[in-house]
Each structure stands twice: as C-alpha cells, then as structure tokens.
Amino acid sequence: MSVSTRESIGIVDKLIKSTQHNLISWTIDEPSEGMNSSDSKVDLIYRAFYLDNNIRIYENRYKYYIDDSQYVWNTDVVMDIVDKDDRVLWRFPYTPNMQELFKVIQFKNPVIQGFYDAILKDGQ
C-alpha cells in the first residue's frame, strides 16, 4: 500500500480536529518492552481506540551520532496502528503536523488542562 504525504497529512489533521473536539479520547501508557535502550528513549505513550483501530503516538528521543564518539539527542514523533499484543501493524509516515497532534494530545491531558484553567481563572 502506498500512502501519499498529502493523505498522511490529511489523516493527522483529522486526528487533531477529532482530539480537539473530544471525539477521540487518549490514555497514557508506559512504553513497551524494548522501546528504550542506551540509544533511544520513550517516556510515555498516548493510546486511542478509534474507528476500530488501536493507535499509539509517542516521542522517540534517539542519539544522532556526529562522529564515532560525539552525538546529540534528536526527537521524532512516531504514530502506529498496533494489534492487541502491541505489535506494529502500520507505522504512519512522518508528517510535519504530527508534532502538532502530539502537543494537542498532551494539552488534552486533564492535569495539564486543569493547570491552565486554574491559572487563567485566577486572573494573575
């Protein structure tokens, strides 16, 4: 199956809108075994069940080696459709708007939303 960048961007845009309008509910989960190593780190995963599919999205921080001994940490947002055993059925191609989706999901976290609401309500 070949998916165009335009289609992928459209899918991510729809997920952003659905998340903003509370049509998709995301839960937080721990990374699966094997997602973390000395060269790669995943802090947490957001999961949703949408249109009969298990979707997960996360930030993967990984070492990008400049030479044999020097590296910097880079970050990519990764989004997959997984089965009930957390095996990847489909990895979405990276699109520029995936970071925006990740930020929208983070903001929809009740703790973060509650913090913003409390600060703004206080008026200070």
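Here's a quick rundown of the structure. Keep in mind the model is a prediction, meaning the values are calculated, not measured.

## Comments concerning the packing of helix H1 (residues 5-20) against helix H2 (residues 98-107)
Phase 1: One can describe the packing of H1 onto H2 by two numbers: an axis separation of 9 Å at closest approach and a directional angle of 15 degrees. By the angle class used here, H1 and H2 are roughly parallel. Both H1 and H2 take part in a crossing whose hand is left-handed. Together, Val12, Leu15, Ile16, Thr19 and Gln20 of H1 and Met98, Glu100, Leu101, Val104 and Ile105 of H2 make up the contact between the two elements.
Phase 2: For the contact of H1 with H2, the per-class residue count stands at 7 nonpolar, 2 polar and 1 charged.

## Observations concerning the nonpolar core
Phase 1: Judged by nonpolar contacts, the single largest core of 18 residues is most densely connected at Trp26, Ile57, Met79 and Leu101.
Phase 2: Broken down by secondary-structure element, the contributors of at least two residues to this core are H1, strand S3 (45-50), strand S4 (53-65), strand S5 (71-82) and H2.
Phase 3: If you tally residues by element for this core, the top one is H2, at 5 residues.
Phase 4: Not counting the four nearest positions on each side in its chain, Leu101 is found in contact with Val12, Leu15, Ile16, Thr19, Ile57 and Met79.
Phase 5: Among the nonpolar cores identified, the runner-up in size contains 5 residues, and Met35, Val42, Ile45 and Val78 belong to it.

Thresholds, definitions, all that
- Residues numbered from 1 in each chain as written.
- Predicted model: local features only at pLDDT ≥ 70, side-chain atom pairs only at ≥ 80, totals over all residues.
- Heavy atoms only, no water.
- Axes fitted to C-alpha atoms, helices over the stretch in contact; angles between N-to-C directions.
- Helix = DSSP H or I, 4+ residues; strand = E, 2+ residues; numbered from the N terminus.
- Parallel < 35°, antiparallel > 145°, perpendicular 65-115°, else oblique.
- Left-handed = near helix turned anticlockwise from the far one by under 90°.
- Contact = heavy atoms within 4.5 Å.
- Nonpolar A, V, L, I, M, F, W, Y, C, P; charged D, E, K, R; others polar.
- Core = buried A, V, L, I, M, F, W, Y, C linked by side-chain atoms within 4.5 Å.
- Buried < 20%, exposed > 50% of the residue type's maximum accessible area, 1.4 Å probe, protein only.

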